[in-house]
Amino acid sequence: MAASLIATFISMVAITGASADIVPLIVTKSANPPSGHTVQPGDTITYTLSFDYKTQRATAPNLANVNYFDDLSKVLDDASVTEAPHAGAGSLTVGPIGTDHRFHITGLVPKGEAWTVIYKVKVDNPDTGDGELDNFVVPTGATPPTTCQPGNPRCTHHPVTPPVTTPPVTTPPVTTPPVTTPPTHTHAVAGVASRHRTAVTGGDWALELCLGGLLLGGGGLITMAGMRRRRGTR
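Residues numbered from 1 in each chain as written. Predicted model: local features only at pLDDT ≥ 70, side-chain atom pairs only at ≥ 80, totals over all residues. Heavy atoms only, no water.

Q: I'm lost on the environment of L76 in this one. Help?
A: Relative to the assigned elements, L76 resides in the loop between β5 (63-71) and β6 (79-87). A sequence separation of 46 residues divides L76 from K122, and the C-alpha atoms of the two residues are 9.5 Å apart. (Helix = DSSP H or I, 4+ residues; strand = E, 2+ residues; numbered from the N terminus.)

Written out as structure tokens, the structure is:
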């Protein structure tokens, strides 16, 4: 804590010749969505660092020294940088993000101006980190806080909530039972018909034979009767 206060004090000192004066440089960090807002995987967060030297003090130096670093170590386990840190308003010098997940900001802000640094990150999808994005801007030489406390203007905090996924509604497939056609007993019917025809045909022949026999028998009887009559008349 003491180191942070000393670094903050040093950052507010501008050296002009052999004298020094307290420089009311206001350093803040903001984000869009705002700090405290819950984000989801795939969301983009825009960070803005502001170095405001709009002092009204007549005795304040013309330039305010900036020597800060931004700590992303609690951000990059949940997100990836999509827009590298760069100067927004003004012309501060912005270094690259190092292997320690920090980048440095240096320069001199003219009196009456507010210069900014901007960058963007995108929350990983899926998020494999701890689900908390904490970001700090700290004077060079100071130790970043372990957590972003409410009301601290130099840090931002975004909890990550996984998106709510609704399980797909599955409709069971409609199964139509196969249409079964009863077998047609063609051969059996034909056989019955054939047998019927055969039976009828056989009956007809028997009848004809009977009739023929009767006719032959009747003719014979008639012939014999005629012969007897002729014999009697002789």
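Q: Quick question: what am I supposed to make of the side chain of T156 here?
A: Its place among the elements puts T156 in strand β11 (residues 155-159). Other than its neighbours up to four places away in sequence, T156 contacts K29, S30, A31, S35, Y47, L133, D134, N135 and C148. (Contact = heavy atoms within 4.5 Å.)

Q: So what exactly am I meant to see when it comes to the environment of A114 here?
A: Tracing the backbone shows A114 in strand β9 (residues 114-123). With a relative accessible area of 25%, A114 lands in the partly exposed category. Here the alpha-carbon distance between A114 and A89, two residues 25 residues apart in the chain, equals 7.4 Å. With residues near it in sequence (within four places) discarded, A114 still touches F51, D52, Y53, K54 and A89. (Buried < 20%, exposed > 50% of the residue type's maximum accessible area, 1.4 Å probe, protein only.)

Q: Can you help me understand the pairing of β5 in this one?
A: When a strand is regular, its side chains alternate between the sheet's two faces. Sheet analysis places β5 next to strand β8 (residues 102-110), joined by 9 bridges and oriented antiparallel. Within β8, the position partnered with N65 by the bridge is L108. The sheet contact formed by β5 and strand β10 (residues 132-139) spans 4 bridges and is antiparallel. Paired with Y68 across the strands is P139, a residue of β10. (Pairing = 2+ DSSP bridges.)

Q: What is the right way to look at the nonpolar core in this model?
A: Nonpolar side chains tend to gather and get buried jointly when the protein is soluble and globular. One finds I45, Y47, F51, V66, L92, I105 and L133 to be the most contacted residues of the largest nonpolar core, which totals 28 residues. For this core, the secondary structure elements donating two or more residues are β3 (26-32), β4 (44-52), β5, β8, β9 and β10. The greatest single-element share of this core, amounting to 5 residues, is contributed by β9. If sequence neighbours within four positions are ignored, L133 has contacts with I45, Y47, K74, V75, D78, A79, V123, T156, H157, H158 and V160. Formed by 6 residues, the second largest nonpolar core is a distinct cluster that contains F69, F136, A142 and C148. (Core = buried A, V, L, I, M, F, W, Y, C linked by side-chain atoms within 4.5 Å.)

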